[in-house]
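Structural overview for review
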Amino acid sequence: NRGWLKTHLLSYKTLSLVVLSVQTSTMVLLLRYSRTSINFAHQPYIITTAVFSSEVLKLGLSLGFLHIESGKVMKATLNRLYEDVFINIWETLKLAIPAFLYVVQNNLLFIALSNLDAATYQVTYQLKILTTAIFSWVMLGKRLTPIHWLALCLLMLGVSLVQVEGSSNGNGSNSKVLPVAPEVEVLEGGDSVILGGTEEGAGFPPPDIRNEHPNTEVSRLLGILAVFVSCISSGFSGVYFERLVKRGTQTSLIIRNIQLGMFSIAFAVIAVSSDSTAIKDGGFFQGYSVATWMVVLIQAFGGLVVSVAMKYADNILKGFATSLSIVMSTLVSWLVLGDAAPSTQFVVGATIVISSTVLYGLTPQKGGVYTAGSQLS
Ligand code: C5P
C-alpha cells in the first residue's frame, strides 16, 4: 500500500529530523557544561573513555533492536548476526572507514566543546553542509542548482561573520562562561600574592579544569581546528553511510549500525589506550559526573537517530535540522545558563547561516540516488 508507505516513511523522516534537532542542542550544551562546570570533587573526565562508553552503549542498543526485530528469539538473533555480519564479511568491512572517521570525529567533538562556546561551535560546524554537498555530488551524483550554490556562499559569509565577531573579543563570543582564575604566586618567606584573573574567576580552581587550554587564543584555535577536521569527516562519513543504506545490498539499518559499531569500538579502544597512564592512575571512569553520563547516553541515542535521518531523509536535510538547534541552544545558553547575550554581529551571522540552510533545504535536488521519502515535501 503506497499511501501507507509514504506516510510511514514521511513520519520517520520528520520525526528523526525533529528529534535530531532537539538532541543536538541538548548534547552541545550538556557536553560543554560537563567539560567546563566547576566541581572541586572532580578532575576532568578522560574524553576517549566517554567516546568509548557511548560506542559500547550504541552497539548494545542496536543489538537490542535486532533482538526485538528477530521476535526476541535468541537463536534467530544469533543467526542473523552470524549471516549478516560474519558470513557477509565484505559488506561488514566497508564500515571500517566511517567507523574510524567517526571515532576521530567524536573525540574532536569533545575537544571542540572544551575550547569553544556552544554557539561558536555550532555555527562553525554548519560548514559541514558545504562538505556534505561536495561529497553528495561526488559520491551520490547529486547536482547542485545555482540556488544551492548561492545558499552555500551565504552560509560561508554567515559563518565568517560569527567567527570574526568571536575572535575580535579574543575569547569566543561567550567569555562569561570561562572566567580566568587568578594565579597565586608564592613569595619568599611563604607569603602569597594573587595575580590577574577576572572577577568571576576569583576563588575558582585553575583554568584547566574549565578550559582545555589556559591560553584562550590557543584554546580557540584548537577548537576551530577540531571543528574544521570534523566538517570533512562528517561530510564524507555521512554520505558514505547514506550510500550504503540507500543503494546496493538490502542490508538493514540495524545491521549496518551493528557493523559500524563493532569497528567503532575497536578504534575507540585504540584511542583509550593512548590515555592508559592516566587511566591506571585515576581509573577508567575518573571525573565522571551525572552530566558526563548524560552526554554518553545522549551521544549514543543521537548516533542512532542520525542513522535513521540518513536513511529516511538525507545528510543535507540533517544539516538543516541541526541548524535549527543553533537557535535553541543560543537562546537556552543566554536565557537559562546566563551566558553573555549574543552580539548584533553574531545575530546577523547566525541569521544568514540559518536562512541559507533553509534555502538549501527547500530547493529541490537534481539527480542522485534518491529513494522514496528523501525529499523535503
Ligand atoms: O555531526 P555529524 O552529523 O556528522 O555526527 C554524526 C554522529 O552520528 C557521530 O557521532 C556518529 O558517531 C554518529 N553516527 C552513528 N551511527 C551512524 C551514523 C552516524 O552513531 N550510522
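Please read all numbers here as calculations on a predicted model, not as lab measurements. Position labels on residues start from 1 in each chain and follow its written sequence. Local features in a predicted model are, by the rule used here, given only for residues with pLDDT of at least 70; side-chain atom pairs are given and counted only at 80 or more, and totals for whole chains, interfaces and linings are based on all residues. Where side-chain values are given, they derive from all heavy atoms of the structure, hydrogens and water being excluded.

**A word on the overall build of the protein chain**
Think of it this way: any DSSP run of H or I at least four residues long counts as a helix, any run of E at least two long counts as a strand, and we number them from the N terminus. Scanning the protein chain from terminus to terminus reveals 14 helices and 4 strands. Partly exposed describes any residue whose relative accessible area lies between the buried limit of under 20% and the exposed limit of over 50%, with all areas from a 1.4 Å probe on protein chains only and scaled to the type maximum. Within the protein chain, buried positions represent 50% of all 377 residues. Within the protein chain, residue pairs in contact and separated by at least 24 positions form 83% of the contacts whose partners lie at least 6 positions apart. Surface accessibility in these figures is a Shrake-Rupley result with a 1.4 Å probe; residues are shielded only by whichever protein chains are displayed. Here the protein chain displays about 17,700 Å² of accessible surface, and carbon together with sulfur accounts for 69% of that area. Only heavy atoms enter the contact rule, under which two residues are in contact if any of them lie within 4.5 Å.

**What to know about the confidence of the model for the protein chain**
Mean pLDDT over the protein chain: 82, with 79% of residues reaching 70 or higher. When the criterion is pLDDT under 50, residues 192-210 qualifies, and its contacts beyond four places in sequence or with other chains add up to 48 contacts. For this predicted complex, the interface score ipTM comes out at 0.99, alongside a pTM of 0.81. Confidence scores per residue from the predictor, reported as pLDDT, run from 0 to 100.

**Structural notes on the environment of G283**
Along the polypeptide, G283 turns up in the loop between α11 (276-282) and α12 (290-312). Of the residues examined, G283 reaches a relative accessible area of 26% and is grouped as partly exposed. Along the primary structure G283 and V245 are separated by 38 residues, whereas in three dimensions their C-alpha atoms are 39 Å apart. If sequence neighbours within four positions are ignored, G283 has contacts with I46 and A278.

**Quick word on the environment of G349**
As for its placement among the helices and strands, G349 is situated in helix α14 (residues 344-362). Judged by relative accessible area, which is 0%, G349 ranks as buried. Sequence separation of G349 and M156 is 193 residues, and the distance between their C-alpha atoms is 9.5 Å.

**Structural notes on the site of the ligand**
What makes a residue near a molecule or strand is one non-hydrogen atom of that residue sitting within 4 Å of it. Around the ligand sit 15 residues in total, of which K58, N106, Y125, S234 and K318 are the nearest. N or O atoms closer than or at 3.5 Å make up a polar contact, with two conditions inside protein: a donor-capable atom paired with an acceptor-capable one, and, for residues adjacent in sequence, both atoms drawn from side chains. Separating a nitrogen atom of the ligand from a side-chain N or O atom of N257 is a distance of 2.9 Å. One of the side-chain N or O atoms of K318 is found 2.5 Å from an oxygen atom in the ligand. Relative to its unbound accessible surface of 470 Å², the ligand loses 92% to contact with the protein. A cavity, in this analysis, means grid points on a 1 Å lattice covering only the protein atoms where a 1.4 Å probe fits yet has no way out; a pocket is instead an open set bounded by protein on both sides within 12 Å along at least five of seven lines, and a residue lines either one if it has an atom within 4 Å of a point. Grid points define the cavity or pocket, and a molecule sits in it when more than half of its atoms lie within 2 Å of them. Judged by the proximity of its atoms to the pocket grid, the ligand belongs to the largest cavity. Looking at the shell around the ligand element by element, the count peaks at 4 residues for α12.

**Topic: the packing of aromatic side chains**
When two rings of Phe, Tyr or Trp (its six-membered ring) have centres within 6.5 Å they constitute a pair, described as stacked for plane angles under 30 degrees, edge-to-face for angles over 60, and tilted for the intermediate range. Here the structure, examined in full by the defined rule, presents 12 aromatic pairs. Ring geometry for Y45 and F110: centres 6.2 Å apart, planes at 85°, overall edge-to-face. Residue Y45 is located in the loop between α1 (2-36) and α2 (47-69), and its partner F110 is located in helix α5 (residues 96-115); the two are separated by 65 residues in the primary sequence. Across this residue pair, the class does not change: Y45 and F110 are buried. Members of the aromatic cluster, each reached through a chain of ring pairs, are Y45, F52, F110, F284, F285, Y288 and W293. It is R35 that lies over the ring of Y45; its NZ or CZ is 4.6 Å from the centre. Whether a charge sits over a ring comes down to the Lys NZ or Arg CZ being within 6 Å of the ring centre and within 35 degrees of the ring normal. The residue whose ring lies beneath K311 is Y312, and the NZ or CZ to ring-centre distance is 5.9 Å.

**Here's the deal with unusual backbone geometry**
One non-glycine residue, K72, lies in the positive phi region at around 60°. A residue is classified by how much of its surface remains accessible, and K72, at 59% relative accessible area, is exposed.

**A few points about empty space enclosed by the protein**
Grid points are joined across faces, edges and corners, and a volume is the space filled by probe spheres set on the points. One pass over the structure, following the stated rule, counts 5 cavities of 30 Å³ or more. What the largest cavity holds in volume is close to 670 Å³. What lines the largest cavity is a set of 37 residues, and nearest its centre among them are Q105, N106, Q299, G303 and V306. Looking at the lining of the largest cavity, the elements that each hand over two or more residues are α1, α2, α5, α6 (118-125), α9 (216-246), α10 (253-273), α12 and α13 (315-335). Counting residues per element, the lining of the largest cavity draws most heavily on α12, at 7 residues.

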